[in-house]
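Spelled out, the chains give:
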Amino acid sequence: MYVLGTVIASLVCFLLLKWTKKRRICLDTKRLHGKTVLITGGHCGIGKETAIGLAVRGARVIIACRDAGKAEEAVREIRRVSCSMNVQHMELDLANLQSIRDFSEALLKREKRLDVLINNAGMPCVLDWTDDGFSMCCGFNHLGHFLLTNLLLGRLKESAPSRVISLTSSMYKYQKLDFQDLNYNIVPFFTYCRSKLANIYFTQELARMMEGKGVTAYSVHPGFVHSNWTSHFSTVFRMILWLVMVLFSVPCEAAAQTVIHCAVADEVLQHNGKFFFDCQPAKLHPFAEDEGAAKKLWEASERMVNLT
């Protein structure tokens, strides 16, 4: 009986784990010929799988990455897997506001269209600072993409209908923003949670501001993903995380499906500004739908990045 019970318990655990890791697939086969897509952090993880999925559909894909060597290697792989040569890379450091301004200026000179902007790059729970003195999570995850999107907003409007997709996390629910200290950087996990909530507020306010102007915005929670984000931590912590990821995480290809869905599917247009998970709109906690907080964050972010 003991052996039978162990076998049954193991089978139940296996089926439960398999069920929790099950994800929908984006089945929209719309062709994207003539469309230009920019993906931050497109050299690895979810970003690279998203790039492959959109390049396969015929889009011109530009991946923005700080490391030129890694970006070139990723471009070769994306071209090979997607059978598309229309994949390029440009250098961008989201932890440096001047780099973002230089990148945006170069992109606007080079590209006549921008149909989809995917704010994919992200920094995990690290205690560090950007070149401009912001906490790494706030500066990289929120302020960097906030400035980038605003600098490219004119081209997005010219290319309408266009879309802005920002990756966030369900971890947003564990913290609220402190507008007296948006640059909080004491407990790394709390800083990360706040930056992910900021991504959601940013998406909502962007959607409201662009209403009727041809630009729609969506935030996406990709799930707990098995990717290289653990590289920022110590070897011992990485070993612990590896075991957790093997049990509970989903591969990057599966995690990218919701991002691709928001980039191509027409059905998302009726959900402008909404939060997506598993290729469908998902419910947010009430405090994450505070229009006043979203507007206040937008105005504060403009001041922090000196955006006139």
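Structure's up top.
Rules behind the numbers
- Residues numbered from 1 in each chain as written.
- Predicted model: local features only at pLDDT ≥ 70, side-chain atom pairs only at ≥ 80, totals over all residues.
- Heavy atoms only, no water.
- Helix = DSSP H or I, 4+ residues; strand = E, 2+ residues; numbered from the N terminus.
- Contact = heavy atoms within 4.5 Å.
- Areas by Shrake-Rupley, 256 points an atom, 1.4 Å probe, with all protein chains shown as cover.
- Axes fitted to C-alpha atoms, helices over the stretch in contact; angles between N-to-C directions.
- Parallel < 35°, antiparallel > 145°, perpendicular 65-115°, else oblique.
- Nonpolar A, V, L, I, M, F, W, Y, C, P; charged D, E, K, R; others polar.
- Salt bridge = Lys/Arg side-chain N within 4 Å of Asp/Glu carboxyl O.
- Buried < 20%, exposed > 50% of the residue type's maximum accessible area, 1.4 Å probe, protein only.
- Pairing = 2+ DSSP bridges.
- Right-handed = clockwise from strand over helix to strand, strands pointing away.
- Expected span 1.5 Å × (residues − 1).

### Here's the deal with the overall build of the protein
- Each helix and strand counted, the protein has 9 helices and 10 strands in total.
- Across the protein, the fraction of contacts at a sequence separation of at least 24, relative to all contacts at a separation of at least 6, is 76%.
- On the protein, roughly 14900 Å² of surface is accessible, and the fraction owed to carbon and sulfur atoms is 58%.

### Notes on the packing of helix H5 (residues 136-158) against helix H9 (residues 291-304)
- Close contact between H5 and H9 brings their axes to 10 Å; oriented N to C, the two are set at 85 degrees. Classed by the angle they form, the pair H5 and H9 counts as roughly perpendicular. Two secondary-structure elements touch here, H5 through His-142, Leu-143, Phe-146 and Asn-150 and H9 through Leu-297, Trp-298, Ser-301, Glu-302 and Met-304.
- In terms of residue class, the contact of H5 with H9 is made up of 5 nonpolar, 3 polar and 1 charged.

### Some words on the pattern of salt bridges
- Evaluation of the coordinates by the stated rule reveals 13 salt bridges.
- In this structure, Arg-208 and Glu-205 form a salt bridge, with 3.2 Å as the shortest nitrogen-oxygen distance. Here Arg-208 pairs with Glu-205, and both are found in helix H6 (residues 188-209), just 3 residues apart, close to one helical turn.
- Assessed through its relative accessible area of 8%, Glu-205 is described here as buried.

### Points about the sheet that holds strand S1 (residues 36-40)
- If you walk across this open sheet you meet the 8 strands as S3-S2-S1-S4-S5-S6-S9-S10, and the pairing is mixed. Where the open sheet ends on each side, the last strands, each with one partner, are strand S3 (87-91) and strand S10 (280-281).
- In the sheet, strand S9 (residues 275-277) pairs with S10 via 2 bridges, with the strands oriented antiparallel. Looking across to S10, one finds that Phe-277 is bridged to Gln-280.
- Contacting S1, strand S2 (60-65), S3, strand S4 (116-119) and strand S5 (162-167), helix H2 (residues 45-56) crosses the sheet at an angle of about 170 degrees to S1.

### As for the environment of Leu-151
- Considering the arrangement of structural elements, one finds Leu-151 in helix H5.
- Here the alpha-carbon distance between Leu-151 and Leu-108, two residues 43 residues apart in the chain, equals 9.2 Å.
- The contacts of Leu-151, once residues within four sequence positions are left out, are Ile-100, Arg-101, Ser-104, Leu-108 and Leu-307.

### Things to note about unusual backbone geometry
- A cis amide bond, omega 5 degrees, links Ala-160 with the succeeding residue Pro-161.
- Residue position: Pro-161 is located in the loop between H5 and S5.
- Residues other than glycine seldom take positive phi values, yet Cys-83 does so here, at roughly 60 degrees.
- With respect to the helices and strands, the residue Cys-83 is situated in the loop between helix H3 (68-82) and S3.
- At Asp-278, a residue that is not glycine, the phi angle is positive and equals roughly 55 degrees.
- With respect to the helices and strands, Asp-278 occurs in the loop between S9 and S10.

### Things to note about the pairing of S5
- Among the 6 residues of S5, 6 are classified as buried, and the element is accordingly described as predominantly covered.
- Along S5, one buried face is formed by Ser-162, Val-164 and Ser-166 and the opposite face, lined by Arg-163, Ile-165 and Leu-167, is buried too.
- Here S4 pairs with S5 via 4 bridges, running parallel. Of the residues in S5, the one forming a bridge with Leu-117 is Val-164.
- Note: S5 against strand S6 (residues 215-220), 6 bridges, orientation parallel. In the sheet register, Ile-165 faces S6, and the bridge partner there is Tyr-218.
- Handedness of the crossover joining S5 and S6 through H6 is recorded here as right-handed.

### Observations regarding H6
- For H6, built from 22 residues, the straight-helix expectation of 32 Å at 1.5 Å per residue is met to within 8% by its first-to-last C-alpha distance of 31 Å.
- Counting buried residues along H6, 17 of its 22 residues qualify, which places the element largely inside the surrounding structure.

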